[in-house]
Amino acid sequence: MFNWAKQQLANVAGIQEPIYGPTAIKSVAEEAATVPYTELKRDDLKWRAMDSTSVETQTFYFMSTSGQLGCAQVIYSNVVGLHVTCQFTAKVFSRDASIPHIWSSTQLSNVDFSDDKTCFYADNCAVELSEDGTTYTIKSLADEGCIVNLTVTRTTPAIHAGTTGTTLFGTDFTNPWGLMRHAFWPRCTSEGTITTPDGPIDFSGRAFYVYALQGMKPHHAASRWNFVNFQGPTYSAILMEYTTPPSYGSTTVCVGMIAKDGEIVRAGCDSTATHLKSAGDPVNDWPAPSEAKFTWSGKTKDGKELTAVLEGALGERLDRIDVMAEVPGFVKKIVQTAAGTKPYVYQYSPQVKLTLKLKLGEEEISEEGELLTEATFISE
Ligand SMILES: *[C@@H]1O[C@H](CO)[C@@H](O)[C@H](O)[C@H]1NC(C)=O
């Protein structure tokens, strides 16, 4: 048992990497300095299903008109030496601490893709991209207690940062040993339901979609993450930031975008995420934030200077996810001591709504909106 666990760890967690320094990472921000972002074609939305160690995800976040918050995700993970596993997860957040979140996580079998690799199939589960590339349909009967039937339609172009959306890891960037890629649908409409034994929950409203490929061991790529999904009546503001472990010079890669219907107002790598105050967490000593500030900047397509700020108290956290909770306790202990890894995700959606303050040239716009933000701590 112990040897099994050690092997599992070597495969999944691995040991800490040596210090390669900041020259062993080529941030997508280098591309974004000249080409801030690129609009995507259908081809850019393919599953890669890499045959090396990797985690690939499609994640859809929902903010219904009636105030429900939810998400659905397909996770394709390949741990070389072990196996490929696929998981479908769905969550409906409870805003009342006395009522648990609805959380469903199901292992999928008979995984397959469409010939063009834009659609995902498994027994009782399908996530399909429409012919015109504007709509994903997400259907799952994999968990009878949480039946998903949702569509997400983008109202802006699909984009990634820079020319490739990809950050490379290695000492030879023509042959990198790792990569991280993200692609976004920053502003979408949604329709459909998540159905539990208590009945269907309507998710008509707004949505956001992110595709992520971590072509390496996830905790080798990032020690911290920040994520912002702000959806206002007119504007959406998205931010995704990670900081590498010291092995890659504690380098921060931050992709941000401001969008409105029909238009990417600005996207690129000029965003910042700052925790202004932390509430901490006695369970693990992570400085879980209680107040934060997020910024966006850069030039719009028509040459206007844009700055945007979202700042304020995050309120009671919605949830804390102990990522290692599902592995046996002693495995967790070894991961913590051997690899310095204790991943926790903190999720917030302030009840006191935050206001996006946007400056577009001389024009000043303030807009209240729905926010879902995550702070993730993985390693020191
Ligand atoms: C799924 O939702 C759509 C509306 O978005 C509806 O027309 C369809 O009947 C639903 N399908 C099932 C199996 O419930």
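Residues numbered from 1 in each chain as written. Predicted model: local features only at pLDDT ≥ 70, side-chain atom pairs only at ≥ 80, totals over all residues. Heavy atoms only, no water.

The protein is annotated in an unreviewed UniProt entry as Survival factor 1 of Pseudallescheria apiosperma. What the UniProt record of the protein gives under Subcellular location (unreviewed entry) is the line "Cytoplasm". As recorded by UniProt, the Sequence similarities (unreviewed entry) comment attached to the protein reads in full: "Belongs to the SVF1 family." (UniProt positions renumbered as here; feature names shortened; annotations may be inferred.)

Caption draft 1: Quick peek at the pattern of salt bridges. This model, assessed by the stated rule, comprises 10 salt bridges. Close ionic contact of E291 with K277 constitutes a salt bridge, the shortest N to O distance being 3.3 Å. In this pair, E291 sits in strand β22 (residues 289-299) while K277 sits in strand β21 (residues 272-278), placing the two residues 14 residues apart along the sequence. The class for E291 is partly exposed, based on a relative accessible area of 21%. D281 is paired through a salt bridge with R320; the nearest N and O atoms lie 2.9 Å apart. (Salt bridge = Lys/Arg side-chain N within 4 Å of Asp/Glu carboxyl O. Helix = DSSP H or I, 4+ residues; strand = E, 2+ residues; numbered from the N terminus. Buried < 20%, exposed > 50% of the residue type's maximum accessible area, 1.4 Å probe, protein only.)

Caption draft 2: Focus on the sheet that holds strand β17 (residues 224-231). Ordered by their spatial adjacency, 7 strands build an open sheet running β20-β19-β18-β17-β28-β25-β24, and the pairing between neighbours is antiparallel. Bordering the open sheet on either side are β20 (263-268) and β24 (319-322), each of which pairs with just one other strand. Mean inter-strand twist for the sheet, computed between neighbouring axes without regard to direction, equals 10°. In this structure, strand β18 (residues 235-243) lies alongside strand β19 (residues 252-260), joined through 9 bridges in antiparallel fashion. Each bridged residue has a counterpart across the sheet, and for M240 the counterpart in β19 is V255. (Pairing = 2+ DSSP bridges. Axes fitted to C-alpha atoms, helices over the stretch in contact; angles between N-to-C directions.)

Caption draft 3: Fine view of the packing of aromatic side chains. As enumerated under the stated definition, the model contains 21 aromatic pairs in all. Ring geometry for Y61 and F208: centres 6.0 Å apart, planes at 35°, overall tilted. Residue Y61 is located in strand β3 (residues 54-64), and its partner F208 is located in strand β16 (residues 205-214); the two are separated by 147 residues in the primary sequence. Between the aromatic rings of Y136 and Y209, the centroid separation amounts to 4.8 Å while the plane-to-plane angle is 55°, which identifies the pairing as tilted. Of this pair, Y136 sits in strand β10 (residues 135-140) while Y209 sits in strand β16; the two residues are 73 residues apart in sequence, bridging distant segments of the chain. By relative accessible area, which is 0% here, Y209 ends up buried. Chaining the aromatic ring pairs together yields one cluster made of Y20, F169, W177 and Y248. (Phe/Tyr/Trp six-rings, centres within 6.5 Å; stacked < 30°, edge-to-face > 60°.)

Caption draft 4: Structural view of the side chain of R181. Positionally, R181 belongs in strand β14 (residues 178-196). Here R181 sits buried without a salt bridge, and the closest side chain of opposite charge, D44, lies 5.0 Å off (N-O distance). Within the structure, the side chain of R181 is placed 3.1 Å from the side chain of H160, a separation counted as a polar contact. Of note is the side chain of R181, whose polar atom sits 3.3 Å from the backbone oxygen of T164. Contact partners of R181, with chain neighbours within four places excluded, come to L40, D44, H160, T164, G165, T166, Y211, A212 and L213. (Lys, Arg positive; Asp, Glu negative; His and termini not counted. Polar contact = N/O pair within 3.5 Å; in protein donor to acceptor, adjacent residues only side chain to side chain. Contact = heavy atoms within 4.5 Å.)

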